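Now for the letters of each chain:
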Amino acid sequence: MRPTVALPGTDLHVFPLNLGGNTFGWTADEATSLAILRAFTEAGGNFIDTADVYSAWVPGHQGGESEAILGSWLADLPAHERDQMVIATKVGRLRPHDSLRAADILAATTNSLERLRTETIDLLYLHFDDDTTPIEEQIEACCDLVARGHVRYIGLSNYSPQRMRAFLRAARDTEASPVAIQPHYNLLHRHDYERGIRPLAQEYRASVFPYYSLASGVLTGKFRTPSDTTGTAREASTSALLTEETQGVLNTLERLASLHDATPATIALAWLRAKGATAPIASVSRPEQLPALMAVADTVLDPSEVMQLDAASQPFA
C-alpha cells in the first residue's frame, strides 16, 4: 500500500502526487491517456486534477476534452475502485460560463459532472478569480453545490492574496470553506506563493497542490537551451525559462538526483513537499514518464539538501 496524505478539514486521503489531466486529449491522445490513468492507479495513485477548460487552447478543441476522457475511464471502474479515486476539477474559464457569477458556477459544474460521468466532484476549484463578482456571490453558489451533493469540497486557484483572504474569511464555518489552494509554485517561481499565498494556507490550514510543479518540463532537465524546446508542445512556455539562473537550479537538481539515485523531476517534486506542498501536480504524455513522478512518495530530502535548492533558486524567491 502506497502512502497517502490526509487533507485537513475533509475525509479525503490522497497519494502525494496529484496527476495532472491537462495532457489528456492534447499531448496524450485518448488511448494513451487511458493507459496513463491505468498505470497511475496500478502504482498506487488516486488523485487526479483536471479543468473544464482543458484543452480549449488546442486548435479544433472546445474545452472539456480532458474531463470527457477522464469520465470515460471512471465509468469503467468497478464501484469500489471509483470510491478510492479523488477527482478535482476547476470551473470559471470555459465559455460561455467563463465568469464566477452564481449562474455560471452552477452551469459549469453541471457540465463538468456530465463530462466526468459522476454524481459528485470531490474537489471543485474556482479556477481564476472574477473580481467583477462579489466574493459573497461566489461563496453562495459553492454552498449551493455542496448542499445539493454535487461537490464535496471547495478550493481556490489564481486569486490575489487580498481576494483569497476575503474569500477564506467570509467562507469560514460555511460549507464553502476552502480546503485547498492550487498556486503556481516551483523552484523557478517562488515569490508569489511564498510571500503572498503560503501565509494564508498556513493560517487557514488549507492543503496546497502546486501547478507547474516542474515548470512545464524544464525541471526534468530535458531542456538546457531554448533550441531544445523547438517544436515541442510547450515551446512558448519553456524557452524563456532557460536562463543562467535556471542552469544553476538544474545543476543542483542533477547533483542531488545522483545522490538519491533519482531523477531531477523527483527531486524537484520532493523539494515542493519539503516546502509544505501536500501533493504537487505533475502531468505526463506517456506512461513511461510516470515512475519519476511517483517516486516522490518515497523520496525525502534532508534539511541541508533543501537549503541547497533554496540557495540555487534564490533568484526566483
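Our structure's up above, just so we're on the same page.
Since this is a predicted model, take the numbers as computed values, not measurements. (Residues numbered from 1 in each chain as written. Predicted model: local features only at pLDDT ≥ 70, side-chain atom pairs only at ≥ 80, totals over all residues. Heavy atoms only, no water.)

**Focus on the side chain of D52**
Here comes step 1: Looking at where D52 falls in the secondary structure, it is placed in the loop between β4 (47-49) and α2 (65-75).
Here comes step 2: The side chain of D52 is buried and forms no salt bridge, while R115, the nearest opposite charge, is found at 4.7 Å.
Here comes step 3: If we skip the residues at most four places from it in the chain, D52 touches G63, G64, E67, T89, K90, V91, G92, R93, L94, A108, S112 and R115. (Helix = DSSP H or I, 4+ residues; strand = E, 2+ residues; numbered from the N terminus. Buried < 20%, exposed > 50% of the residue type's maximum accessible area, 1.4 Å probe, protein only. Lys, Arg positive; Asp, Glu negative; His and termini not counted. Salt bridge = Lys/Arg side-chain N within 4 Å of Asp/Glu carboxyl O. Contact = heavy atoms within 4.5 Å.)

**A short note on the pattern of salt bridges**
Here comes step 1: On inspection of all chains with the given rule, the structure shows 12 salt bridges.
Here comes step 2: Here E67 and R115 are joined by a salt bridge, their closest N and O atoms 2.7 Å apart. With E67 in helix α2 and R115 in helix α4 (residues 102-116), the pair connects residues that are 48 residues apart, well separated along the chain.
Here comes step 3: Residue R115 is classed as partly exposed on the basis of its relative accessible area, which comes to 22%.
Here comes step 4: Between E137 and R101 there is a salt bridge; the shortest N-O distance is 3.2 Å. You can see E137 sitting in helix α5 (residues 135-148) and its partner R101 sitting in the loop between β5 (86-91) and α4, a full 36 residues away along the chain.
Here comes step 5: Taking the relative accessible area as the measure of exposure, R101 reaches 37% and is therefore partly exposed.
Here comes step 6: Each member of the salt-bridge network shares a partner with another, and the members are D11, D122 and R152.

**Quick word on the environment of P303**
Here comes step 1: For P303, the location among the structural elements is in helix α12 (residues 303-312).
Here comes step 2: C-alpha of P303 to C-alpha of A274: the two residues are 29 residues apart in sequence and 8.6 Å apart in space.

**Notes on helix α10 (residues 264-274)**
Here comes step 1: With nine of 11 residues buried, α10 lies mostly within the body of the structure.
Here comes step 2: Within the span of α10, buried status applies to P264, A265, T266, I267, A268, L269, A270, W271 and L272.
Here comes step 3: Taken together, the buried residues of α10 touch α7 (191-203), α9 (244-260), β10 (281-282), α11 (290-294) and α12.

**With respect to helix α1 (residues 30-42)**
Here comes step 1: Spanning 13 residues, α1 covers 18 Å between terminal C-alpha atoms, matching the ideal 18 Å at 1.5 Å per step.
Here comes step 2: For α1, the set of buried residues is S33, L34, I36, L37 and F40. The arc that holds every buried residue of α1, seen down its axis, measures 155 degrees, which confines them to one face. Seen from the buried face of α1, the exposed residues on the opposite side, beyond 90 degrees, are A31 and E42.
Here comes step 3: On its buried side, α1 packs onto β3 (18-20), β4, α2 and α11. (Expected span 1.5 Å × (residues − 1). Arc of directions from axis to C-beta.)

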